[in-house]
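Spelled out, the chains give:
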Amino acid sequence: MGLKNKDLLGIEHFSPEEILLVLDTAASMKEIIGRQIKKVPTLRGKTVVNVFYEPSTRTRTSFELAAKYLSADSINISASGSSVVKGESLRDTSATIAALGADVVVLRHPMAGAPVLVAGQVKAAVINAGDGAHEHPTQALLDMYTVRDKKGALEGLKIAIVGDILHSRVARSDIWGFTRMGARVRVCGPSTMLPPGLENMGVEVFHRMEEALSGADVIIMLRIQLERQQQGLFPSVREYARLFGLNSEKLALAKPGALVMHPGPINRGVEIATEVAYGVQAVINEQVTNGLAVRMALLYLLAGGVAQ
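What counts and what doesn't
- Residues numbered from 1 in each chain as written.
- Predicted model: local features only at pLDDT ≥ 70, side-chain atom pairs only at ≥ 80, totals over all residues.
- Heavy atoms only, no water.
- Helix = DSSP H or I, 4+ residues; strand = E, 2+ residues; numbered from the N terminus.
- Rg over C-alpha atoms; globule rule 2.2 N^0.38 Å.
- Contact = heavy atoms within 4.5 Å.
- Areas by Shrake-Rupley, 256 points an atom, 1.4 Å probe, with all protein chains shown as cover.
- Lys, Arg positive; Asp, Glu negative; His and termini not counted.
- Charge placed at Lys NZ, Arg CZ, Asp CG, Glu CD.
- UniProt positions renumbered as here; feature names shortened; annotations may be inferred.
- 1 Å grid on protein atoms, 1.4 Å probe; cavity = no way out; pocket = protein on both sides within 12 Å on 5 of 7 lines; lining within 4 Å.
- Buried < 20%, exposed > 50% of the residue type's maximum accessible area, 1.4 Å probe, protein only.
- Phe/Tyr/Trp six-rings, centres within 6.5 Å; stacked < 30°, edge-to-face > 60°.
- Domains from an automatic or database assignment.
- Buried area = accessible area lost by both parts, 1.4 Å probe.
- Salt bridge = Lys/Arg side-chain N within 4 Å of Asp/Glu carboxyl O.
- Nonpolar A, V, L, I, M, F, W, Y, C, P; charged D, E, K, R; others polar.

## Some words on the overall build of the protein
Then, number 1: A tally of regular secondary structure across the protein gives 11 helices and 9 strands.
Then, number 2: At 19 Å, the protein has a C-alpha radius of gyration in line with the 19 Å of a compact globule built from 308 residues.
Then, number 3: With respect to the principal axes defined by its C-alpha atoms, the protein has extents near 55 × 45 × 35 Å.
Then, number 4: In the protein, 73% of the contacts between residues at least 6 apart in sequence involve partners at least 24 apart.
Then, number 5: Working note: accessible area of the protein is about 13,300 Å², and carbon and sulfur atoms make up 51% of it.
Then, number 6: Both charge centroids of the protein, one from 33 positive and one from 30 negative side chains, sit 4 Å from each other.

Below you can see the structure in the form of structure tokens.
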């Protein structure tokens, strides 16, 4: 069995079977990462173009490394260093990429739906690396991989997602992914950061963090987007940290051994207290490693690599 579509545009329409295929493939890719010589010829002759209209460290670097480890040729395009600053449209950029003969296009864009537009313009496989506040599917896949790796399964687990749900593409993809795999998802944040209709996505909504964390198996903290603070979404950073920051006392409300996760970058002392971020229950650095394995798996599955 393979992936149904040539593209990965979101988790919303991903089947449980496709999710499992990616997770299982990522497990074999993680073995490659652990080798002394990490390079394999799986995607030799393939070309991956990374197009990032927004800043990124983890996602962009892991896609670059994923391509290199699989022996694909990698080209990186950033908005600040491309013809976008001269007024070139996304459609024209897509035409240029198509003319280059790319096999895979990895796109991050501030507008929701941009990867769908590009996917309709190019024959290459398109991977959504984050589009506005819509989805971040590869982050959800690496989150699911990390939880399954640590807990053995996803079905029946209680997943608490805390923070700015309204603007979080990570939250949306995680909700679609974890619920599809049989987990029970809880979301929590200030009422101004909880979009209406969340219950329709199959989640439980909480306004007090203590209630959301009670008995949780996994806690996913979201970055508070300080650039939005002026919009009056919460009174102050200190107030937010007091009510919705994860410290040792709140962590104790979750199940013993509950995982602490964060997509990064972390505002330490705001979303997560330092002692929790560096504590034994935090798997934040492991998420980064697993993200590389998941992105290797996706490049392999979408670019038609040969198994090694």
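## Let's talk about the UniProt feature "binding site: carbamoyl phosphate" (unreviewed entry) in the protein
Then, number 1: Taking the numbering used here, the UniProt-annotated feature "binding site: carbamoyl phosphate" (unreviewed entry) corresponds to Arg 58, Thr 59, Arg 108, His 136, Gln 139, Gly 264 and Pro 265. From the set just named, the residues that line the largest cavity comprise Arg 58, Thr 59, Gln 139 and Gly 264.
Then, number 2: When near neighbours in sequence (up to four residues on either side) are disregarded, Arg 58 contacts Pro 263, Gly 264, Pro 265, Val 288 and Arg 295.
Then, number 3: Inspection of the secondary structure assignment puts Thr 59 in helix α2 (residues 58-69).
Then, number 4: By relative accessible area, Thr 59 is classed as buried at 5%.
Then, number 5: Excluding residues that lie within four positions of it along the chain, Thr 59 makes contacts with Phe 52, Arg 108, Ala 129, His 136 and Arg 295.

## Concerning the packing of aromatic side chains
Then, number 1: Taken as a whole and judged by the stated rule, the model has 1 aromatic pair.
Then, number 2: Measuring from centroid to centroid gives 5.7 Å for Tyr 240 and Phe 244, while their planes differ by 40 degrees, and the two rings are tilted. Taken as a pair, Tyr 240 and Phe 244 lie in helix α8 (residues 237-244) at a separation of 4 residues, close to a single helical turn.
Then, number 3: Owing to a relative accessible area of 2%, Tyr 240 belongs among the buried residues under this scheme.

## Quick look at the domain arrangement of the protein
Note on interface size: it is often stated as the accessible area lost on association of the parts.
Then, number 1: Here the domain parsing of the protein yields domain 1 (16-135 + 288-304) and domain 2 (137-284).
Then, number 2: For domain 1 and domain 2, the distance between their C-alpha centres works out to 26 Å.
Then, number 3: Contact between domain 1 and domain 2 buries roughly 2,100 Å² in total, counting both sides, with carbon and sulfur atoms accounting for 61%.
Then, number 4: Its largest share of buried area at the contact with domain 2, domain 1 owes to Ile 19, Leu 23 and Glu 135, together 28% of the area lost on that side.
Then, number 5: Here domain 1 and domain 2 share 3 salt bridges between them.
Then, number 6: With its nearest N and O atoms 3.1 Å apart, the salt bridge here joins Glu 54 to Arg 169.
Then, number 7: At the level of elements, α1 (16-33), α2, β3 (104-109), β4 (125-131) and α11 (284-303) are the ones that each hand at least two residues to the side of domain 1 that touches domain 2.
Then, number 8: Take the side of domain 1 that touches domain 2: its biggest share by element is 9 residues, from α1.
Then, number 9: In the side of domain 1 that touches domain 2, the residues fall into 13 nonpolar, 7 polar and 8 charged.

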